[in-house]
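Residue-level structural notes
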Amino acid sequence: NSTRNPFSVFTYRLSSDAILELLEELRADLEPVTRRSHAISCMAKLLSTLHFLASGSFQRTVAISAGISQSSFSGVLSHVLNAMSRRMGRYIKFPRTPDTLDATKQGFCAVAGFPKIIGAIDCTHVQLVPPSDREHIYRNKFITNVVAIYPGSVHDSFILRNSVLFQKMRDGEYGDGDSAYPLHPFLMTPVLNPTTPGEHHYNVAHIRTRNIVERTFGMLKSRFRCLDRTEGALLYSPEKVAQITVVCCILHNIAKRHGLEHDALDVEENPHRPHVGQLNAAGLQTWANLIQSHFS
């Protein structure tokens, strides 16, 4: 059964069917520009890139396995990453239609009874070797989510506020974030010092619901070991590491679409810094109403 080819899933993290489907989509971009006899085929380009992302191996190791030179593979990697990045909007979409919103809310509610949740937000760290002139802003901090355009020293709440998603969120639908994020009418965060039964019940449901994003990070880094710090830092520019991260997220969604599960790593992150700032009155009122109506 090509859909569940064990070698394909182990080596490339995608089934044979998923690889063939992706190959057809990328073929126009990956076709060799030369007709010489030793031109690298589209399939070889795609498989060697998938092997690199899945294994976290050095370029030289992957190139030898693919039967091409390291310099050739360096060009192949950039070629495939660019082709995949151009298709980000096809594979990474926030639910916006009534049907997808309803399905998302129902799925989250089934986890722990938390109503009207349309997403869980967090950041994770992908280790790189920072450029020497900007080293201080990358060391031991979080980087961005799928957008992947900010250095690690930027606070989670800043990333959210400057995202397109922040501008599109609306009252009556909630995102689920940890204490690193500010409370808003559309972003529910934990009660830091719960005192009532309702607040305790709210926190339990909140944590169970938000754990989905932690497990997703664990699965993503287990599936694509190039993102896992135990395999060492990615020896590329921050811009290319951001591109690699986005492409791994695209491939993760393709794997999920084809029903391919994967064990999750225990992702150890830096302790979250609680958001400190002016309390949002509308957020506090939404928070109180939600606790009273659903958790008390």
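Identification of the protein chain as DDE Tnp4 domain-containing protein from Sparus aurata is taken from an unreviewed UniProt entry. The UniProt entry for the protein chain carries the following text under Subcellular location (unreviewed entry): "Nucleus". A UniProt comment under Sequence similarities (unreviewed entry) is attached to the protein chain, and it reads "Belongs to the HARBI1 family."

Some words on the sheet that holds strand β2 (residues 174-176)
Taken together, the three strands give an open sheet; going across it, the order is β1-β2-β3, and neighbouring strands pair in parallel fashion. In the strand order of this sheet, the two ends are held by β1 (117-120) and β3 (187-188), each with one partner. Where β2 lies against β3, two bridges are found, and the strand directions are parallel. Across the sheet, Asp-176 pairs through a bridge with Met-188, a residue of β3.

Some remarks on the nonpolar core
Of all hydrophobic cores here, the largest spans 44 residues; its most connected members are Leu-14, Leu-22, Leu-53, Ile-244 and Leu-251. Put simply, the parts of the chain that give this core at least two residues each are α2 (16-30), α3 (42-55), α4 (59-66), α5 (70-85) and α11 (238-257). In terms of residues, this core owes the most to one element, α11, which gives 10 residues. Three or more residues apiece are contributed to this core by two domains, here domain 1 (6-86) and domain 2 (90-295). Those residues within four positions of Leu-53 in sequence are excluded, and the remaining contacts are Phe-224, Arg-225, Cys-226, Ile-244, Val-247, Cys-248 and Leu-251. Core analysis: the second largest hydrophobic core is formed by 14 residues, Phe-114, Tyr-174, Met-188 and Trp-287 among them.

Points about the packing of helix α10 (residues 197-223) against α11
Where α10 meets α11, the closest approach of the two axes is 10 Å, and the angle between their N-to-C directions is 100°. With respect to each other, α10 and α11 are oriented roughly perpendicular. Two secondary-structure elements touch here, α10 through Thr-216, Met-219, Leu-220 and Arg-223 and α11 through Cys-248, Cys-249, His-252, Ala-255 and Lys-256.

A look at a nonpolar patch on the surface
Taken together, the side chains of Phe-58, Val-129 and Leu-235 present a nonpolar region at the surface, about 340 Å² in accessible area. Considering the arrangement of structural elements, one finds Leu-235 in the loop between α10 and α11. Exposure remark for Leu-235: the relative accessible area of 59% places this residue in the exposed category.

What about the pattern of salt bridges?
A pair can form between side chains of opposite charge whenever their charged atoms are brought close. For the structure on display, the rule yields nine salt bridges. Here Glu-25 makes a salt bridge to Arg-90, at a shortest N to O gap of 3.4 Å. Note that Glu-25 is positioned in helix α2 and Arg-90 in helix α6 (residues 88-91), a separation of 65 residues in sequence. By relative accessible area, Glu-25 is classed as buried at 18%. A salt bridge links Arg-86 to Asp-29; its shortest N-O distance comes to 3.2 Å. Residue Arg-86 is found in the loop between α5 and α6, and its partner Asp-29 is found in helix α2; the two are separated by 57 residues along the sequence. Counted as one network, the salt bridges with shared partners bring together Glu-25, Asp-29, Arg-86, Arg-87 and Arg-90.

Rules and cut-offs
Residues numbered from 1 in each chain as written. Predicted model: local features only at pLDDT ≥ 70, side-chain atom pairs only at ≥ 80, totals over all residues. Heavy atoms only, no water. UniProt positions renumbered as here; feature names shortened; annotations may be inferred. Pairing = 2+ DSSP bridges. Helix = DSSP H or I, 4+ residues; strand = E, 2+ residues; numbered from the N terminus. Core = buried A, V, L, I, M, F, W, Y, C linked by side-chain atoms within 4.5 Å. Buried < 20%, exposed > 50% of the residue type's maximum accessible area, 1.4 Å probe, protein only. Domains from an automatic or database assignment. Contact = heavy atoms within 4.5 Å. Axes fitted to C-alpha atoms, helices over the stretch in contact; angles between N-to-C directions. Parallel < 35°, antiparallel > 145°, perpendicular 65-115°, else oblique. Patch = residues over 30% accessible without salt bridge, like charges linked within 9 Å, V, L, I, M, F, W, Y side chains within 5 Å. Areas by Shrake-Rupley, 256 points an atom, 1.4 Å probe, with all protein chains shown as cover. Salt bridge = Lys/Arg side-chain N within 4 Å of Asp/Glu carboxyl O.

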